[in-house]
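Overview (structure and organization)
Chain by chain, the residues:
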Amino acid sequence: MPSQGPTQDRVEKREVIAMHPSESGMQVGRALLHALHNAGISVLYQDRQMETVWARNMNAPWASDTADGKDLLSPAQAERIRAAKLKVIESGNPDQLELSIPGHQGVRWFQLWIDADRGETGDVLGVVTTMVETTEQKRREQTLKTLLREVSHRSKNLLAIIQSVATQTGRYTETLGDFLARFRGRLQSLASSQDLVTSSNWRGAALHELVSGQVGRYSSDLAQSLRFAGENPYLNPNAALHIGLAMHELAVNSVSYGALSRPDGHVEVRAKLEAEDGTSPNLLLTWTEVVGDAQRNEKRFGSVALERVVPMSLNGSATLEIGRDRMEYRLTVPHGNFETD
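Residues numbered from 1 in each chain as written. Predicted model: local features only at pLDDT ≥ 70, side-chain atom pairs only at ≥ 80, totals over all residues. Heavy atoms only, no water.

Taking 1.5 Å per residue, 37 residues should reach 54 Å; helix α4 (residues 135-171) reaches 54 Å between its end C-alpha atoms and fits that length. Those residues of α4 that sit buried are Thr 135, Lys 138, Arg 154, Leu 158, Ile 161, Val 165, Gln 168 and Thr 169. (Helix = DSSP H or I, 4+ residues; strand = E, 2+ residues; numbered from the N terminus. Expected span 1.5 Å × (residues − 1). Buried < 20%, exposed > 50% of the residue type's maximum accessible area, 1.4 Å probe, protein only.)

Encoded structure:
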């Protein structure tokens, strides 16, 4: 007996469907009702006189009997929809509307499609209105626009910082080789701080993590080389980038001339919150290390960044003191640059 092929199977399936037309129609109808409910789609059919013939899944704001009278269309919105339906009935051409409706939990957005229902002769018998809520999509779009504006703003700030670093680095280096080496290190410092900012969804970076990351780039044993004590505030993105740059300059200087140039050397970083006259506390950040005779005192970009660029960018102040055997850098950061909660 020959085997049945795909064509024979399709024929038999069509015969089964044909044997139960009413049952099949009911199944399709129930499936469509479930689909409308699950997708949050409301459908309304009205005749040419705008009388409702049938409606499915009509919840607020389309239902007129909500529990507390809220989440309803305003008279102006209802008239706008009515005018659009009459236009479709008159012309036979579909129309589309977007509505924003105040609700319990903020503004709700809806997309409406209005289509003419034509008979066999082509005459318009009524109008079908399909309503779909697009609130979540709108919120995602608004969030994305906000994020893109934030990214653009942060990118411009970062480019301005890079331009300033490049200018100052060039001013305090004599050869192209020295410039490239120092500028590359500063770019890597900014990139490291930027990674922390990005991973926090642009909130910023925790101070301890920022300092550890910058010093750790020049130390094989961070637990030995860094002693951190005090508060751990959360820095905003601008503060994270500039304080990260300050920590980089201090670490590079220490590796070259200071405590980190010795196998057993270490630096101390203390963070303290200080309030003045009942105002929000400022952050006092102190870097201390023991230095030797190799410490050099001439002006270079590192000291300019520490004493001018970084504090000015934070609206704060800074002092850099280099003695015969000790170096201390004190940076005062106003409260607007960080959070403590």
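Most of strand β1 (residues 41-47) sits out of view: five of its seven residues are buried. Summarising the sheet, β1 and strand β5 (residues 124-133) pair through seven bridges and their orientation is antiparallel. The residue bridging Ser 42 from the neighbouring strand is Met 131, located in β5. Of the strand pairs in this sheet, β1 and strand β2 (residues 52-56) are connected by four bridges, and their pairing is antiparallel. Looking at the pairing, Leu 44 lines up with Ala 55 of β2. (Pairing = 2+ DSSP bridges.)

Between helix α6 (residues 207-216) and helix α8 (residues 237-257), the shortest axis-to-axis distance is 9 Å and the interhelical angle comes to 35 degrees. The chirality of how α6 crosses α8 is right-handed. Here Leu 207, Leu 210, Val 211, Gln 214 and Val 215 of α6 lie close against α8, whose contacting residues are Ala 240, Ile 243, Gly 244, Met 247, His 248 and Ala 251. (Axes fitted to C-alpha atoms, helices over the stretch in contact; angles between N-to-C directions. Left-handed = near helix turned anticlockwise from the far one by under 90°. Contact = heavy atoms within 4.5 Å.)

A word on the environment of Ile 162. In this fold, Ile 162 is placed in helix α4. Separated by 24 residues in sequence, Ile 162 and Arg 186 place their C-alpha atoms 8.7 Å apart. Ignoring sequence-local partners within four residues, the contact set of Ile 162 consists of Phe 183, Leu 187 and Leu 190.

For the protein, per-residue confidence averages 83 on the pLDDT scale, and 87% of positions sit at 70 or higher. Taken together, the stretch residues 6-20 has pLDDT below 50 and engages in three contacts with residues farther than four places along the chain or on a different chain. Here residues 65-70 is modelled with pLDDT under 50, and outside its nearest four sequence neighbours on either side it reaches four contacts, counting other chains as well. (pLDDT = per-residue confidence, 0-100.)

Within the open sheet, the five strands sit side by side as β7-β9-β10-β12-β11. Their pairing is mixed. Edge strands, defined here as strands with exactly one partner in the open sheet, are β7 (226-230) and β11 (317-322). On average, each strand axis in the sheet is tilted by 10 degrees relative to the strand beside it, whichever way the strands run. As paired elements, strand β9 (residues 267-274) and strand β10 (residues 282-290) share eight bridges and run antiparallel to each other. Its bridge partner being in β10, Val 269 is matched across the sheet by Trp 287. The strands touched by α6 within the sheet are β7, β9 and β10, with β7 carrying the most contacts at an inclination of about 165 degrees.

Attention now goes to unusual backbone geometry. Positive phi, normally seen in glycine, also occurs at Asn 57, with a value near 60 degrees. Even without being a glycine, Asn 315 presents a positive backbone phi close to 60 degrees. Within the element layout of this structure, Asn 315 appears in the loop between α9 (301-314) and β11.

Counting residues in hydrophobic clusters, the biggest one holds 36 residues, and the most contacted among them are Leu 207, Leu 235, Ile 243, Trp 287, Tyr 329 and Leu 331. Beyond its immediate stretch of four places on either side in the chain, Leu 207 contacts Phe 228, Glu 231, Asn 232, Pro 233, Leu 235, Ile 243, Ala 271, Leu 283 and Leu 285. Formed by 16 residues, the second largest nonpolar core is a distinct cluster that contains Leu 44, Met 50, Phe 110 and Ile 114. (Core = buried A, V, L, I, M, F, W, Y, C linked by side-chain atoms within 4.5 Å.)

Right, let's talk about the packing of aromatic side chains for a bit. Counting across every chain of the model gives two aromatic pairs. Seen in terms of ring centroids, Tyr 45 and Trp 54 are 5.9 Å apart; in terms of plane orientation they differ by 10 degrees. Their pairing is stacked. Residue classification places Trp 54 among the partly exposed residues on the basis of a relative accessible area of 35%. Ring centres of Phe 179 and Phe 183 lie 5.4 Å apart, and the angle between their planes is 10 degrees; on these two criteria the pair is classed as stacked. Of the two residues, Phe 179 and Phe 183 are both situated in helix α5 (residues 176-199); the distance of four residues between them amounts to about one turn of the helix. Lying across the ring of Trp 109, Lys 138 places its NZ or CZ 4.6 Å from the centre. Between Arg 203 and the ring centre of Tyr 234, over which it is positioned, the NZ or CZ distance is 4.1 Å. (Phe/Tyr/Trp six-rings, centres within 6.5 Å; stacked < 30°, edge-to-face > 60°. Lys NZ or Arg CZ within 6 Å of the ring centre and 35° of its normal.)

As summarised here, the arrangement of the five strands in space is β2-β1-β5-β4-β3, forming an open sheet in which the pairing is antiparallel. Each having just a single partner strand, β2 and β3 (95-103) make up the two edges of the open sheet. Each adjacent strand pair in this sheet contributes to an overall mean axis angle of 20 degrees, direction not counted. Helix α3 (residues 75-91) rests against β1, β3, β4 (106-118) and β5 of the sheet, and its axis sits at about 165 degrees to β3. Across the sheet, α4 is in contact with β3, β4 and β5; its angle to β4 comes to roughly 125 degrees.

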